[in-house]
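# Coordinates in review
Here is how the chains run, residue by residue.
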Amino acid sequence: MSQFAKPTGFFGKILAKGMARGHKEFYKNAIKAINPKKDDKYLEIGFGSGIFIKKHMTHVSKIAGIDHSEDMVKLASKINRKLVESGKAEFKQGNTLSLPWSDNEFTVVAAIEVFFFLNEPEKALKEILRVLKPGGRLIIEMAFNKDDGVDHKKHIKKMDLKLYSGEEMKKLLKEAGFNDIVVDYFEAVWFPIKGYIVPKGMVVKAIKK
Ligand SMILES: C[S@@+](CC[C@H](N)C(=O)[O-])C[C@H]1O[C@@H](n2cnc3c(N)ncnc32)[C@H](O)[C@@H]1O
């Protein structure tokens, strides 16, 4: 498994922090779609460094995260130490296929730059649906996708990605039981590699009815 799919050890921690810097513009588009409110109960799938949470989510009422890298759990807990110590945030090690929370616990779930790593996306979506409250929303952000007009052969090989088109995402989400599925695209510069343009990043939003 690549370091992008499971950052591990010293290098993994450096990479995760670097990714947070590189993902700044992706975060901007994710946050617009998440539109977090004070009374939101937020779950993040594959939080990596946890820097997105520190920067954008501290005002919500509850924060939880799951990541299969134990080192990311340590890093995100350290970066969000005050939130963890106050009992507002919890970061757990595990897989999206089995979320260690009860049914209907969250009002919003986000997966930023992670969905394309999931081996069993259908199962993961069913688990996410289970932990979302009725009316809750899911936001999936992916800079790379099948609609962006880029040849991703080398990314797929290097990072072991499974890319999706907007139509494929709609089908997957509908089959998992989601409603009101909207796929949006954005253009972004992928810092710190200046000049590297993401021509059509994807943000998918879906609701549990
Ligand atoms: C590319 S990083 C993105 C990190 C963060 N969301 C960000 O944008 O900065 C992908 C993260 O998802 C985690 N991840 C990948 N597959 C996962 C899975 N099946 N279950 C839980 N976490 C997973 C990885 O360990 C890694 O921390």
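Residues numbered from 1 in each chain as written. Predicted model: local features only at pLDDT ≥ 70, side-chain atom pairs only at ≥ 80, totals over all residues.

Next up on the list: the overall build of the chain. Along the backbone of the chain there are eight helices and seven strands. The C-alpha atoms of the chain give a radius of gyration of 16 Å, which matches the 17 Å a tight globule of 209 residues would have. Dimensions of the chain along its principal axes, counting C-alpha atoms only, are 45 × 40 × 30 Å. In the chain, which comprises 209 residues, the share counted as buried stands at 40%. (Helix = DSSP H or I, 4+ residues; strand = E, 2+ residues; numbered from the N terminus. Rg over C-alpha atoms; globule rule 2.2 N^0.38 Å. Buried ≥ 20, exposed ≤ 12 C-beta atoms within 10 Å, placed from the backbone.)

As a rule of thumb, soluble globular proteins bury nonpolar side chains together. Counting 57 residues, the largest nonpolar core has I63, V109, A110 and L138 as the members making the most contacts within it. Top element by residues in this core is strand β4 (residues 106–112). It accounts for six residues. Residues contacting L138, with those up to four places away along its chain left out, are V109, I128, L132, F178 and A206. (Core = buried A, V, L, I, M, F, W, Y, C linked by C-beta atoms within 7 Å. Contact = placed C-beta atoms within 7 Å.)

When two helices pack together, their arrangement is given by the angle between their axes and by how far apart the axes lie. It is at 10 Å that the axes of helix α1 (residues 9–22) and helix α4 (residues 70–79) come closest, and there the two elements cross at 55 degrees. Comparing their axes, α4 and α1 come out oblique. Two packed elements cross with a definite hand, and for α1 against α4 that hand is right-handed. Mapping the contact onto sequence places G9, G12, K13 and A16 in α1 and D71, M72 and L75 in α4. For the contact of α1 with α4, the residue count by class is three nonpolar, two polar and two charged. (Axes fitted to C-alpha atoms, helices over the stretch in contact; angles between N-to-C directions. Parallel < 35°, antiparallel > 145°, perpendicular 65-115°, else oblique. Left-handed = near helix turned anticlockwise from the far one by under 90°. Nonpolar A, V, L, I, M, F, W, Y, C, P; charged D, E, K, R; others polar.)

Further remarks concern the site of the ligand. Residues in close proximity to the ligand total 24 residues, the closest being G46, G48, H68, S69 and V114. When residues of the shell around the ligand are traced back to their parent elements, those giving at least two are α1 and β2 (62–67). Across the shell around the ligand, the residue classes break down as 13 nonpolar, eight polar and three charged. (Near = placed C-beta within 6 Å.)

Considering the arrangement of structural elements, one finds Q3 in the segment before α1. Assessed through the 17 C-beta atoms surrounding it within 10 Å, Q3 is described here as partly exposed. As a C-alpha pair, Q3 and S69 span 66 residues in sequence and 10.0 Å in three-dimensional space. Those residues in contact with Q3, other than ones at most four positions away along the chain, are T8, F11, G12 and L15.

The subject of this paragraph is the packing of helix α6 (residues 121–131) against helix α8 (residues 166–176). Closest axis-to-axis distance for the α6/α8 pair is 9 Å, and the angle between their directions is 50 degrees. Considering their axes alone, α6 and α8 lie oblique with respect to each other. Note that α6 runs across α8; the crossing there is right-handed. Touching P121, E122, L125, K126 and L129 of α6 are L172, L173, E175 and A176, all from α8. Looking at the contact of α6 with α8 residue by residue, the class counts come to six nonpolar, no polar and three charged.

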